[in-house]
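Take a look at the letters that make up each chain.
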Amino acid sequence: MPANRNALIRYKIIDNCLRNRYRQWTLEALIDCVSEALYEYEGMEKGISRRTIQADLQMMRSDKLGYNAPILVIDRKYYTYADPAYSITQTPLTNQDLSRMNEAVEMLKQFKGFSHFQELNEVIQKLEAHVHAATVRQTSVIDFEKNDGLKGLSYLDQIYQAIIQKKVLFLTYQSFKARQSSQFHFHAWWLKEFKNRWFVVGIQANKSEIMHLALDRILSLKLAEEPEFLANDAFSPDSYYQHVIGVTVSPRMRPQCVRILVSLQHAPYVETKPLHPSQQLIERREDGIVIEICVQLNLELEKEILGFGEGMTVLAPASLRARIQARLATAARFYEQP
């Protein structure tokens with residue numbers, strides 16, 4: 001792992017510790033916390049020296065990285081921030097930083113008209129908003145959906161690098177259904193985000209079924225030298241998720257035509273934001289519109305329909321209609337109880 005990345009991880013962990021006012025942080029406690037984090041994130045077993053953490057604290061205090069962290073030592077023993085609201089993650093950008101970011105935004109904007117770069121539009125808007133806000137010292141005018149408290153986000157970069165470098169991952173993983181964690185080698189093919197939750201998609205060593213592993217259920221992760229990476233030559237995300245809503249794809253389930261009556265109140269929202277790319281308008285009625293989508297009948301589809309409550313009624317197929325009806329009846333019984 002590059003030394004500068006190692007240092008950034010240490011700074012972040014120290015910052016998290018010093019922001020925690022419910023514990024007194026000795027140098028030894030900081031060393032233990034940083035060592036545990038580096039073992040969890042990077043598989044480093046040798047730990048961190050006392051001299052390294054002392055140098056990190058000094059670097060954070062200085063203006064070399066623009067932190068100027070107000071680190072105090074209480075009773076010559078306990079480290080904390082003089083300002084309880086301080087964090088290195090809130091360090092303002094320098095004029096040089098802003099200039100470089102603005103140049104990058106202007107360069108990216110040149111590609112916005114090309115079909116191959118449509119996925120860059122949201123990234124460019126985010127950068128434009130943050131650079132403009134920092135330049136004129138005002139709050140951002142674009143607020144994107146995010147979940148900063150989601151577990152596992154720290155693994156995103158490691159997994160991304162493993163995918164592009166075609167490296168095998170060794171994971172400790174525990175699903176919500178599992179009583180105990182398990183360890184295995186995983187060949188990651190792509191990353192998938194659905195409703196602000198991240199998944200790494202690929203296959204487990206010695207198995208052929210494609211798996212979706214939620215990042216928030218990963219307990220530890222590191223690169224493995226063996227076995228040899230199994231490349232993905234058969235699937236692309238676009239084709240793999242073509243007939244589903246969400247991430248649950250069954251290789252043994254054919255997509256079906258699902259007809260739904262959408263109430264007049266909800267019709268404008270569903271027409272302007274389709275449930276699925278296959279959505280077609282079948283009929284306009286006095287009580288709403290009838291739409292049709294061609295998808296697998298997975299759990300995410302049911303959750304999407306249930307999310308509209310009384311605003312959606314499944315007309316076909318009969319099996320899906322019966323499941324939605326049963327789930328709504330069960331939910332209604334809970335409200336009947338005192």
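Reading the values: rules and limits
- Residues numbered from 1 in each chain as written.
- Predicted model: local features only at pLDDT ≥ 70, side-chain atom pairs only at ≥ 80, totals over all residues.
- Heavy atoms only, no water.
- Helix = DSSP H or I, 4+ residues; strand = E, 2+ residues; numbered from the N terminus.
- Areas by Shrake-Rupley, 256 points an atom, 1.4 Å probe, with all protein chains shown as cover.
- Expected span 1.5 Å × (residues − 1).
- Buried < 20%, exposed > 50% of the residue type's maximum accessible area, 1.4 Å probe, protein only.
- Arc of directions from axis to C-beta.
- Polar contact = N/O pair within 3.5 Å; in protein donor to acceptor, adjacent residues only side chain to side chain.
- Contact = heavy atoms within 4.5 Å.
- Core = buried A, V, L, I, M, F, W, Y, C linked by side-chain atoms within 4.5 Å.
- Phe/Tyr/Trp six-rings, centres within 6.5 Å; stacked < 30°, edge-to-face > 60°.
- Lys NZ or Arg CZ within 6 Å of the ring centre and 35° of its normal.
- Salt bridge = Lys/Arg side-chain N within 4 Å of Asp/Glu carboxyl O.
- Pairing = 2+ DSSP bridges.
- Axes fitted to C-alpha atoms, helices over the stretch in contact; angles between N-to-C directions.
- Lys, Arg positive; Asp, Glu negative; His and termini not counted.

Visitor: How should I be thinking about the overall build of the chain in this particular structure?
Guide: Helix and strand counts for the chain come out as 10 helices and 11 strands. A total accessible area of about 21700 Å² is found for the chain, and carbon and sulfur atoms account for 51% of it.

Visitor: How do you make sense of helix α3 (residues 50-61) when you look at a structure like this?
Guide: Side chains three or four residues apart in an α-helix point the same way, a direct result of the helix having 3.6 residues per turn. A rise of 1.5 Å per residue sets the reference length of α3, with its 12 residues, at 16 Å; its end C-alpha atoms lie 17 Å apart and thus fit the reference within 8%. Three or more residues of α3 are buried, namely I53, D56, L57 and M60. Angular distribution of buried residues about the axis of α3 spans 100°; they occupy a single face of the element.

Visitor: What's the story with the side chain of H187 in this structure? I'm lost.
Guide: Position of H187 among the secondary structure elements: in strand β4 (residues 182-194). Of the residues examined, H187 reaches a relative accessible area of 1% and is grouped as buried. Engagement of the side chain of H187 in a polar contact is seen with the backbone nitrogen of L230, the distance being 3.0 Å. The contact partners of H187, leaving out residues within four places of it in the chain, are V168, V201, G202, I203, Q204, A205, P227, E228, F229 and L230.

Visitor: Looking at this model, I keep getting lost on the nonpolar core. Mind explaining?
Guide: Here is a general trend for soluble globular proteins: nonpolar side chains tend to be buried in one another's company. Among the nonpolar cores identified, the biggest contains 46 residues, and I53, M60, I159 and I218 are the most heavily contacted of them. With 8 residues, helix α2 (residues 27-42) is the single largest residue contributor to this core. In contact with I218, other than residues within four places in its own chain, are Y155, I159, L171, T172, Y173 and V200. L275, L301, V314 and L320 belong to the second-largest nonpolar core, a separate cluster that totals 19 residues.

Visitor: What's the story with the packing of aromatic side chains in this structure? I'm lost.
Guide: The geometry of an aromatic ring pair is captured by two quantities: the separation of the ring centres and the angle between the planes. Following the criterion strictly, the structure yields 9 aromatic pairs and no others. Note on Y81 and Y86: the rings are 4.9 Å apart at their centroids and 75° apart in plane angle, and the pair reads as edge-to-face. For Y86, a relative accessible area of 13% puts it in the buried group. Their ring planes at 85° and their centres at 5.2 Å tell us that Y240 and Y241 sit as a pair that is edge-to-face. Take Y240 and Y241: they sit in the same class, and that class is buried. Through successive ring pairs, a cluster of aromatic residues spans W189, W190, F235, Y240 and Y241. Residue placement shows R23 over the ring face of W25; its charged tip is 4.2 Å from the ring centre.

Visitor: Could you clarify how one ought to interpret the pattern of salt bridges in this entry?
Guide: Applying the stated rule across the entire model yields 10 salt bridges. A salt bridge links R285 to D287; the shortest N-O distance between them is 3.1 Å. Here R327 ties to E302 by a salt bridge, and the two come within 2.8 Å at their closest N and O atoms. Linking R327 in helix α10 (residues 318-336) with E302 in helix α9 (residues 299-306), this pair joins segments that are 25 residues apart in sequence. Of the residues examined, E302 reaches a relative accessible area of 8% and is grouped as buried. Salt bridges sharing partners connect three or more residues here, namely E302, R323 and R327.

Visitor: Any chance you could explain the sheet that holds strand β9 (residues 280-285) here in plain terms?
Guide: Paired through backbone hydrogen bonds, the strands of a sheet run either parallel or antiparallel to each other. Strand order in the open sheet formed by 4 strands is β9-β10-β8-β11, with antiparallel pairing between adjacent strands. Looking at strand neighbours, the two that pair on one side only are β9 and β11 (312-316), the edges of this open sheet. Recorded for the sheet is a direction-independent mean angle of 25° between the axes of neighbouring strands. Across 4 bridges, strand β8 (residues 256-263) lies against β11 in antiparallel orientation. The partner of I260 across the bridge, within β11, is V314. Against the sheet, α10 touches β8 and β11, its axis set at about 150° to β11.

Visitor: How do you make sense of the pairing of β8 when you look at a structure like this?
Guide: On any regular strand, side chains alternate: one points to one face of the sheet, the next to the other face. By the bridge criterion, 8 bridges tie β8 to strand β10 (residues 288-295) in an arrangement that is antiparallel. Counterpart to C257 in the pairing with β10 is C294.

Visitor: Even after reading the chapter, I still don't get unusual backbone geometry, so can you show me in this structure?
Guide: The general pattern is negative phi for most residues beyond glycine and trans for most peptide bonds. In this chain, E226 is followed by P227 through a cis amide linkage whose omega measures 0°. Each neighbour pair has its own omega, and for A316 with P317 the value is 0°, a cis peptide bond. Along the chain, P317 turns up in the loop between β11 and α10. Positive phi outside glycine occurs at N68, with the angle close to 50°. Secondary-structure assignment places N68 in the loop between α3 and β1 (71-74).

Visitor: Got a minute to help me understand the side chain of R217 in this structure?
Guide: Looking at where R217 falls in the secondary structure, it is placed in the loop between β6 (210-214) and β7 (218-224). Here R217 sits buried without a salt bridge, and the closest side chain of opposite charge, D216, lies 4.7 Å off (N-O distance). Separated by 2.9 Å, the side chain of R217 and the backbone oxygen of Q174 make a polar contact. In contact with R217, other than residues within four places in its own chain, are T172, Y173, Q174, S175, F176 and R197.

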